Amino acid sequence: MTSIKKTELIMGMPITLEIVGDMVTEGAFKLVFDYFKYIDEKFSTYKSGSEMMRINRGEIDEKEYSEDMREVLALSEITRKETGNYFDIKRLDGSLDPSGLVKGWAIHNAAHLLRDAGFKNFCIEAGGDIETFGLNSECKVWTVGIRNPFNTTEIVKILHSDNKGIATSGNYIRGQHIYNPKEKMGRVEGVVSLTVVGPNIYEADRFATAAFAMGEAGIMFIEKLPGFEGYMVNDNGIATFTSGFEKYVK
């Protein structure tokens, strides 16, 4: 089957969309990339005019929040409770930053846009978080590589992704941007990267963020989550994975 892949830099990261099929149009790519641009304008914690920044500056009353903002904040609160407060969008300065959930949520929503438009085979990747649907150009299940956090040009595991979401959290590329809210200094110790396979990228992303914040205990948190598997690399380069992880390894 014919495959077309395009990448745009949005939300401060490369977003890649690959669509497989004989009726792929420019409009399909525009649909997805325009959606991510909308998300960036709304949730960015860097753009001064975003709704998120205006909320943090106290310029918008809660009753004026957009529907999408209300949904993300509600999902963030649900995730906080489900993770024993390890997922917390409230920063030390009192501002809100739901970035640990927004990316996966946006990828999953973009996948719904494509499915609603009739596309049956595609892969969306944003900053290392991936959701796949259908088959690749070889009519096979999509495969996703896990990078070595100590050498990002090296792939340490290749996974089958059968309509799954795969998210990797870590501070090795973007620096310290995930914090342990239960530690005074907030630093995450003992773990370099943690990959989570889940039923979709929204679920995988939010739990990967929380599990990474837990440090080396995070892999056991994923172990206990029904329908999720994980792969963790610690500071010494030693990998630990959940009991069902190997079923996804190619």
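Look a little higher up for the structure.
Fair warning: this is a prediction, and the values are worked out from it, not measured in the lab.

1. Some words on the sheet that holds strand β8 (residues 191–198)
Remark on secondary structure: sheet strands pair via backbone hydrogen bonds, oriented parallel or antiparallel.
(1) Moving on: Taken in spatial order, the eight strands line up as β1-β2-β3-β4-β7-β8-β9-β10 in an open sheet, and their pairing is antiparallel. What marks the edges here is a single partner per strand, and that holds for β1 (3–10) and β10 (239–241). For this sheet, the mean inter-axis angle between neighbouring strands, taken without regard to orientation, is 10°.
(2) Moving on: Against the sheet, helix α4 (residues 99–116) engages β2 (13–20), β3 (122–126) and β4 (129–133), with an angle of about 155° to β3.

2. Some words on the environment of Tyr 65
(1) Moving on: Mapped onto the fold, Tyr 65 is located in the loop between α2 (51–56) and α3 (67–82).
(2) Moving on: In this structure Tyr 65 comes out as buried when scored by relative accessible area, which is 16%.
(3) Moving on: For the pair formed by Tyr 65 and Ile 55, sequence separation is ten residues and the distance between their alpha carbons is 8.4 Å.

3. Focus: the pattern of salt bridges
(1) Moving on: In this structure the tally under the stated criterion is 14 salt bridges.
(2) Moving on: We note a salt bridge from Lys 47 to Asp 40, for which the minimum N-O separation is 3.0 Å.
(3) Moving on: Within this structure, Asp 40, Glu 41 and Lys 47 form a network of salt bridges that share partners.

Thresholds, definitions, all that
Residues numbered from 1 in each chain as written. Predicted model: local features only at pLDDT ≥ 70, side-chain atom pairs only at ≥ 80, totals over all residues. Heavy atoms only, no water. Pairing = 2+ DSSP bridges. Helix = DSSP H or I, 4+ residues; strand = E, 2+ residues; numbered from the N terminus. Axes fitted to C-alpha atoms, helices over the stretch in contact; angles between N-to-C directions. Contact = heavy atoms within 4.5 Å. Buried < 20%, exposed > 50% of the residue type's maximum accessible area, 1.4 Å probe, protein only. Salt bridge = Lys/Arg side-chain N within 4 Å of Asp/Glu carboxyl O.

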